[in-house]
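Structural description and commentary
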Amino acid sequence: MIYTIIFSIIGLYLGGLGGAFGGFLIGSLFDSIRNGRRARKAQEAFNESRQQYYNDPQQFEDQVLTLIAYVAKADNNRLLQSEFDFCKQYFQKTFPHSDISELMLKFRDILNASDTASACQEACSKISQYATIHEKMAILQCLFGFATADGNAHQQELEAIHRIANWCGVNDLTYEALKMMYTSSYSNYGGGYSGSYGGGYSGGYGGYYDQSGGSSYTPRSGPSLDDCYKILEVSPNATDEEVKKAYRVAAMKHHPDKVSHLGEDVRKQAEEKFAKVNEAYDKIKAARGMK
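Notes on the structure in this doc start here. None of these values were measured; they are calculated from a predicted model.

The subject of this paragraph is the packing of helix α3 (residues 81-94) against helix α6 (residues 133-147). Orientation of α3 relative to α6, taken along the N-to-C sense of each, is 145°, at an axis distance of 9 Å. Facing α3, whose interface residues are E83, F86, C87 and Y90, α6 presents C142, G145 and F146. Its residues placed into classes, the contact of α3 with α6 shows five nonpolar, one polar and one charged.

Rendered as structure tokens:
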């Protein structure tokens, strides 16, 4: 804006109203070039800071531990054997260069922290600022995997993941689509959590979970047609072209190549969700008679 003002004044002084108009156009051009350079420098600075942030595996590791702990404590501070096993296996596959014993002890300390919510929000703030949508999806997939490790997902856990999604800058449609990929595979829930580990998460890393409870479930054959629309984040009333566009966006969002830098296990999880997107699209196409 500064050049626009300066050249307009000079033009007015030298050529009256006509000169002022000409000066305005010239100044606007210079301001546009100046603003473009500033925007490019800001983007380059952001890209550099983001690259430095995710080049450090410790950042991703600490974030995942903190977010899982927040979801675990949402369900009355209980950690089932199945959930403990999920964490251990996930950490072993996702962080192969870390000492699993030390990692589980760190996880215990995070679980024992008095203010897990603040730590979770702080981690989510960084994820929102630096992570791509693909990396955010990978983190949410981990959380849904943890919540459904026993074949069930309790409301408190889903609400905790929903808050995390919002804090990470993931919209509700995307959250619901990802939730559908995990919860639409099960029906006829039975059992549920029983017992409580009232003593807190203490002792060795193998001794702070609730070994009782669990859930039984009956698998069903894939998502319903309504679920398929939710997976693609599109309305059942959408046109065929809108469905095709939604599919392209969803496929790119879950593309496994976009998270390969986070480890082979994360990539495999993305492949599974990518397959679900394709399954949903195929079912919608068949129902609509789309080519």
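Picking up after the structure, the text goes on.
Turning our attention to unusual backbone geometry. When glycine is set aside, most residues are seen to have a negative phi, and most peptide bonds are trans. The backbone phi angle of E233 is positive, close to 60°, even though this residue is not glycine. Of note, E233 is situated in the loop between α9 (225-231) and α10 (240-253).

Our next topic: the pattern of salt bridges. One pass over the full model with this rule turns up 11 salt bridges. Across the pair R288 and D240 runs a salt bridge, and its minimum N-O distance is 2.6 Å. Here the residue R288 occupies a position in helix α11 (residues 264-288), and D240 occupies one in helix α10, the gap between them amounting to 48 residues. Looking at R288, the relative accessible area reads 25%, which means it is partly exposed.

Turning our attention to the side chain of D265. Take D265: it is sitting in helix α11. Contacts of D265, omitting those with residues within four sequence positions, involve Y90, K93 and T94.

Locating K106 in the fold gives a position in helix α4 (residues 100-112). The sequence separation of K106 and L65 amounts to 41 residues, and the corresponding C-alpha distance is 8.2 Å. Among all residues touching K106, those that are not within four sequence positions of it are Q58, E61, D62 and L65. Here D62 takes part through its side chain, which lies 3.1 Å from a polar atom of the side chain of K106.

Turning our eyes to something else, we now look at the packing of aromatic side chains. Summed over the entire model, instances satisfying the criterion amount to 11 aromatic pairs. With a centroid separation of 6.5 Å and an interplanar angle of 85°, the aromatic rings of Y90 and F95 are classed as edge-to-face. Assigned by exposure class, Y90 and F95 land together as buried. Relative to Y175, the ring of F144 has its centre 5.7 Å away and its plane inclined at 35°; by these criteria the two rings are tilted. With a gap of 31 residues between them, F144 in helix α6 and Y175 in helix α8 (residues 172-183) connect regions that are remote in the sequence. Accessibility classification places F144 together with Y175 in one group, the buried group. Taken together, the aromatic side chains of F60, F86, Y90, F91, F95, F107 and F146 make up a single cluster linked through ring pairs.

Glancing now at α10. Taking 1.5 Å as the rise per residue, α10 with 14 residues should run 20 Å; its terminal C-alpha atoms sit 20 Å apart, in good agreement. Within α10 the residues assigned to the buried category are V243, A246, Y247, A250, A251 and K253. End-on, the buried residues of α10 take up no more than an arc of 155°, which puts them together on one face. Along α10, exposed side chains directed more than 90 degrees from the buried face belong to E241, K245 and R248. In the core, the buried residues of α10 are packed alongside α6, α8, α9 and α11.

Attention now moves to the side chain of H254. Assignment of secondary structure puts H254 in the loop between α10 and α11. Among the residues examined, H254 registers a relative accessible area of 4% and is labelled buried. If sequence neighbours within four positions are ignored, H254 has contacts with M137, Q141, L178, M181, A270, K273, F274 and V277.

Right, let's get into a nonpolar patch on the surface. A cluster of nonpolar residues, M1, I5 and I9, forms a patch on the protein surface that exposes about 320 Å² of accessible area. Tracing the backbone shows M1 in the segment before α1 (2-54). Residue M1 is classed as exposed on the basis of its relative accessible area, which comes to 60%.

What counts and what doesn't
- Residues numbered from 1 in each chain as written.
- Predicted model: local features only at pLDDT ≥ 70, side-chain atom pairs only at ≥ 80, totals over all residues.
- Heavy atoms only, no water.
- Axes fitted to C-alpha atoms, helices over the stretch in contact; angles between N-to-C directions.
- Helix = DSSP H or I, 4+ residues; strand = E, 2+ residues; numbered from the N terminus.
- Contact = heavy atoms within 4.5 Å.
- Nonpolar A, V, L, I, M, F, W, Y, C, P; charged D, E, K, R; others polar.
- Salt bridge = Lys/Arg side-chain N within 4 Å of Asp/Glu carboxyl O.
- Buried < 20%, exposed > 50% of the residue type's maximum accessible area, 1.4 Å probe, protein only.
- Polar contact = N/O pair within 3.5 Å; in protein donor to acceptor, adjacent residues only side chain to side chain.
- Phe/Tyr/Trp six-rings, centres within 6.5 Å; stacked < 30°, edge-to-face > 60°.
- Expected span 1.5 Å × (residues − 1).
- Arc of directions from axis to C-beta.
- Patch = residues over 30% accessible without salt bridge, like charges linked within 9 Å, V, L, I, M, F, W, Y side chains within 5 Å.
- Areas by Shrake-Rupley, 256 points an atom, 1.4 Å probe, with all protein chains shown as cover.

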